[in-house]
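Read off the chains here:
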Amino acid sequence: MTYVSRLSVASWKISSHFPGASLWLRPVQSFMQLIRPGRVSMISLLTLVIAHISNVPSPDLWFITLAGMFLAMAGFALDFYTDRDADRMGGRTWPINPLASGSMSPTSARIWIGCFVCVALALCTWVHLLTLIPAAALLLIYWGLAHGVLDGPIGRAITLGLLQALYVLLAVAATGGFQPTMSWVALVLFVAMFGARAFADIRDLPHDVQTGTRSLPKVYGVRITSWIAPIAITIAAGIALFIYTLDEMDVDYLIWTVLAFVPGVVLAWMFKLHPTPNLAFALAWPYWSLGVLYMLALILGST
């Protein structure tokens, strides 16, 4: 059960015993739906891990992690704000868009987005001015997606990869310098998330058919799209193993990278044999767990 689902159940139980509590629980639930805490926690963890192994000192370590968190919250909230009409028309049931369901007003969402952006930029300015470059790039991509500039099927896949890579560069920029190894890590995430777009688009295909979204399977077909994920994840695994040859990671990195990527590659090729929306949805949490394993590889393998 997800964070938002658990919150919904808890809200129902509390409201059934204390009817007046729903007046303040509903805004909390809508806010949690807006920021997508599961996705935000993953991005925050990524930023924290990269900042840690890049030797960003405390308290800047925590400030840049918070900056990454607020940038992610702004991005997800802007995505919901832009898609509110399409989600309402398509009847999307997951993830729940609070603007489409009517539990949050567009004005409230705009205020929250503005607050997230301001806090993120303030934190970046405090840590190091260099962090404003990847932060600005992140916001530019979010803006482009919101205004349809980058909303083509290939553009969406590229931007999903770029977003993950930019969070790596955001954390590295907190050191005020450049780290070649972390650039390779950014490339690993770019390629892997490019492939993940195929999973997401096949998962969302029933909804996209109703809304007219130009996703990968709608434009190129499910058969061609299903090749993208296994090929991309196999390439990402190769790059991740190549990082070990740079002699900046110890054997623990190699061990945990193999544990993270071998199951990922196998699952991707299995998905190629049966590319359905239900299977794509079922694979979301296993891949989330494998992503955590790779971050563990980076932590344990850093020398």
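Now for a look at the structure at hand. These numbers were taken from a predicted model, which means no experiment stands behind them.

1. Structural notes on helix 16 (residues 284-301)
In this model helix 16 runs 26 Å from its N-terminal to its C-terminal C-alpha over 18 residues, within 8% of the 26 Å that 1.5 Å per residue would give. The set of residues buried in helix 16 consists of Tyr 287, Leu 290, Tyr 294, Met 295, Ala 297, Leu 298 and Gly 301. Buried residues of helix 16, viewed axially, fall in a sector of 145°; they line one side. Where the residues of helix 16 are buried, they touch helix 3 (37-53), helix 10 (180-203), helix 13 (222-244) and helix 14 (251-273).

2. Observations regarding a nonpolar patch on the surface
A surface patch of nonpolar side chains, amounting to about 460 Å² of accessible area, comprises Ile 154, Ile 158, Leu 162, Val 219, Tyr 220 and Ile 224. Breaking the nonpolar patch down by element, the ones donating at least two residues are helix 9 (153-173) and helix 12 (216-220). With 3 residues, the top contributor of residues to the nonpolar patch is helix 9. The topology assignment puts Leu 162 in helix 9.

3. Remarks on the pattern of salt bridges
It is possible for side chains of opposite charge to pair when their charged atoms get near one another. Summed over the entire model, instances satisfying the criterion amount to 3 salt bridges. A salt bridge links Asp 201 to Arg 156; the nearest nitrogen and oxygen atoms lie 3.7 Å apart. Of this pair, Asp 201 sits in helix 10 while Arg 156 sits in helix 9, placing them 45 residues apart in sequence. Using a relative accessible area of 13% as the deciding quantity, one classes Arg 156 as buried. Between Asp 204 and Arg 203 there is a salt bridge, with the nearest N and O atoms lying 2.9 Å from each other.

4. Quick look at the nonpolar core
Counting residues in hydrophobic clusters, the biggest one holds 82 residues, and the most contacted among them are Ile 50, Tyr 167, Tyr 294 and Leu 298. It is helix 4 (residues 60-82) that provides the largest number of residues to this core, a total of 12 residues. Beyond its immediate sequence surroundings of up to four residues, Leu 298 is in contact with Val 49, Ile 50, Ile 53, Val 185, Met 249 and Tyr 253.

Conventions we followed
Residues numbered from 1 in each chain as written. Predicted model: local features only at pLDDT ≥ 70, side-chain atom pairs only at ≥ 80, totals over all residues. Heavy atoms only, no water. Helix = DSSP H or I, 4+ residues; strand = E, 2+ residues; numbered from the N terminus. Expected span 1.5 Å × (residues − 1). Buried < 20%, exposed > 50% of the residue type's maximum accessible area, 1.4 Å probe, protein only. Arc of directions from axis to C-beta. Contact = heavy atoms within 4.5 Å. Patch = residues over 30% accessible without salt bridge, like charges linked within 9 Å, V, L, I, M, F, W, Y side chains within 5 Å. Areas by Shrake-Rupley, 256 points an atom, 1.4 Å probe, with all protein chains shown as cover. Salt bridge = Lys/Arg side-chain N within 4 Å of Asp/Glu carboxyl O. Core = buried A, V, L, I, M, F, W, Y, C linked by side-chain atoms within 4.5 Å.

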